[in-house]
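One-letter residues, chain by chain:
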Amino acid sequence: EARAYLKYARISPRKVSVVLDLIRNKPVDYAMAVLKHTPKAACEDLEKLLKSQSPMLEQPQHGRFPVVCGRVPCIPGPILKRIRPRAQGRAFRIDKKTSHVTLVLKEQE
């Protein structure tokens, strides 16, 4: 089992979860293809994260290839709070959300 972490990614956890649902429990080569051809903002970061595990991907143990594990959590990180000026002296708050992603690769059963 190999883990890769992406912390403080400047994208909302909700947007990342949509992409993670596409690659959960899929073979790594399929997951890479999905990330490459899906027009979502989170795909770029997740593809880079999956490529970071390339030493494990190059040599399959016992003829089994790694699979993106079912427990691929995306938890919310800290929220950056910003102020937007509005009419009549008011201020609206803008929340810039961050995500922590843990990508777990394991061998196929």
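Residues numbered from 1 in each chain as written. Predicted model: local features only at pLDDT ≥ 70, side-chain atom pairs only at ≥ 80, totals over all residues. Heavy atoms only, no water.

Undergrad: How do you make sense of the pattern of salt bridges when you look at a structure like this?
TA: When their charged atoms lie close together, side chains carrying opposite charge are able to pair. Evaluated as defined, the whole model comprises three salt bridges. Between R24 and D21 there is a salt bridge; the shortest N-O distance is 2.6 Å. Taking relative accessible area as the criterion, D21 reaches 49% and is therefore assigned partly exposed. With its nearest N and O atoms 3.8 Å apart, the salt bridge here joins E47 to K51. Here the residue E47 and the residue K51 both occupy positions in helix α3 (residues 42-51), the gap between them amounting to four residues, near one helical turn. Using a relative accessible area of 16% as the deciding quantity, one classes E47 as buried. (Salt bridge = Lys/Arg side-chain N within 4 Å of Asp/Glu carboxyl O. Buried < 20%, exposed > 50% of the residue type's maximum accessible area, 1.4 Å probe, protein only. Helix = DSSP H or I, 4+ residues; strand = E, 2+ residues; numbered from the N terminus.)

Undergrad: Would you take a moment to explain the side chain of H100 for this structure?
TA: Along the chain, H100 turns up in strand β6 (residues 99-107). Classification of H100 as buried rests on a relative accessible area of 15%. A distance of 3.1 Å separates the side chain of H100 from the backbone nitrogen of Y8, its partner in a polar contact. Ignoring anything within four residues of it in the chain, the contact list for H100 reads L6, K7, Y8, P73, C74, I75, P76, G77 and P78. (Polar contact = N/O pair within 3.5 Å; in protein donor to acceptor, adjacent residues only side chain to side chain. Contact = heavy atoms within 4.5 Å.)

So, to be careful, I would describe these as geometric facts and stop short of saying anything about function.
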